[in-house]
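Listed below, chain by chain, are the residues.
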Amino acid sequence: PDKIAVGGFSAGAITAINLAYGQRANIQAVVAFSGTSWGYDLNQTVSKDVPPLLMFAGQWDLPGIRLGSAGIANLFRARNAPLTQAWVPGFGHFYPMEAPSLASEFDQKSVIDRVARFLADTLSVTPY
């Protein structure tokens with residue numbers, strides 16, 4: 001159980017976020033590609049002890065994704081919950097895993113490299 005992460009893209013990301021933070025499932029990390037929350041009031045369930053979240057959005061992503069992701073990020077920051085955000089410049093709702101992503105640390109990594117590093121750090125495993 002200490003090595004379980006969930007993730008998904010778009011509706012899959014919504015499902016992963018809802019499972020981890022809405023239902024408070026026993027998982028260790030979440031990776032959300034262009035997702036948000038739907039059907040749960042995360043204000044009632046997010047605290048500083050939730051699993052870390054790695055959240056991506058495309059630069060030109062869907063408006064609902066951009067707004068929902070910003071709302072989740074603001075909530076996580078307000079609750080001191082573990083969050084890593086990255087955006088994928090030049091892409092909309094769909095982007096390849098090899099695309100470069102940018103984060104608040106002013107670093108550039110491909111989406112897949114950022115995911116591998118996040119999971120390695122969070123789950124204490126060796127990246128690919």
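Residues numbered from 1 in each chain as written. Predicted model: local features only at pLDDT ≥ 70, side-chain atom pairs only at ≥ 80, totals over all residues. Heavy atoms only, no water.

Caption draft 1: Expanded view of the pairing of strand 1 (residues 5-9). Side chains of strand 1 alternate between two faces, with Val6 and Gly8 buried and Ala5, Gly7 and Phe9 left unburied. Examined bridge by bridge, strand 1 and strand 2 (residues 29-33) share five bridges and lie parallel to one another. Note on strand 2: the bridge partner recorded for Val6 is Val30. Once the chain exits strand 1 it traverses helix 1 (residues 11-22) before rejoining the sheet at strand 2, and the crossover so formed is right-handed. (Buried < 20%, exposed > 50% of the residue type's maximum accessible area, 1.4 Å probe, protein only. Helix = DSSP H or I, 4+ residues; strand = E, 2+ residues; numbered from the N terminus. Pairing = 2+ DSSP bridges. Right-handed = clockwise from strand over helix to strand, strands pointing away.)

Caption draft 2: Region of the structure containing the pairing of strand 2. Most of strand 2 sits inside the fold, with five of its five residues counted as buried. Bridge count for strand 2 against strand 3 (residues 53-58) is four bridges, and the pairing is parallel. Considered in strand 3, the bridge of Val31 is made with Leu54.

Caption draft 3: Representation of helix 3 (residues 111-123) in the model. Helix length check: helix 3 (13 residues) gives 18 Å between terminal C-alpha atoms against 18 Å at 1.5 Å per residue, within 8%. Elements that come into contact with the buried residues of helix 3 comprise strand 1, strand 2, strand 3, strand 4 (83-88), strand 5 (100-103) and strand 6 (108-110). The first or second residue beyond helix 3 is Ser124, which carries a positive phi of 55°. (Expected span 1.5 Å × (residues − 1). Contact = heavy atoms within 4.5 Å.)

Caption draft 4: A look at the sheet that holds strand 1. If you trace the six strands from one edge of the open sheet to the other, you get 1-2-3-4-5-6, paired in mixed fashion. The strands lining the two open edges of the sheet, one partner per strand, are strand 1 and strand 6. Neighbour-to-neighbour, the strand axes of this sheet turn through a mean angle of 25°, independent of strand direction. Summarising the sheet, strand 3 and strand 4 pair through six bridges and their orientation is parallel. Bridged to Ala57 within strand 4 is Trp87. (Axes fitted to C-alpha atoms, helices over the stretch in contact; angles between N-to-C directions.)

Caption draft 5: Representation of the pattern of salt bridges within the structure. One pass over the structure, following the stated rule, counts four salt bridges. The salt bridge partner of Arg24 is Asp49, with a shortest N-O separation of 3.4 Å. Residue Arg24 is located in the loop between helix 1 and strand 2, and its partner Asp49 is located in the loop between strand 2 and strand 3; the two are separated by 25 residues in the primary sequence. For Arg24, a relative accessible area of 38% gives the class partly exposed. For the salt bridge of Arg117 with Asp121, the shortest nitrogen-to-oxygen distance reads 2.9 Å. Here the residue Arg117 and the residue Asp121 both occupy positions in helix 3, the gap between them amounting to four residues, near one helical turn. Taking the relative accessible area as the measure of exposure, Asp121 reaches 51% and is therefore exposed. (Salt bridge = Lys/Arg side-chain N within 4 Å of Asp/Glu carboxyl O.)

Caption draft 6: Up close: the packing of aromatic side chains. Summed over all chains, the structure comprises four aromatic pairs. On the numbers, 5.6 Å between centres and 25° between planes, the contact of Phe9 with Phe94 is stacked. A residue pair is termed long-range when its members are at least 10 positions apart, and Phe9 in strand 1 and Phe94 in the loop between strand 4 and strand 5 qualify at 85 residues. By relative accessible area, Phe9 is classed as partly exposed at 27%. Here the aromatic cluster, defined as three or more aromatic residues joined through ring pairs, consists of Phe9, Phe94 and Tyr95. (Phe/Tyr/Trp six-rings, centres within 6.5 Å; stacked < 30°, edge-to-face > 60°.)

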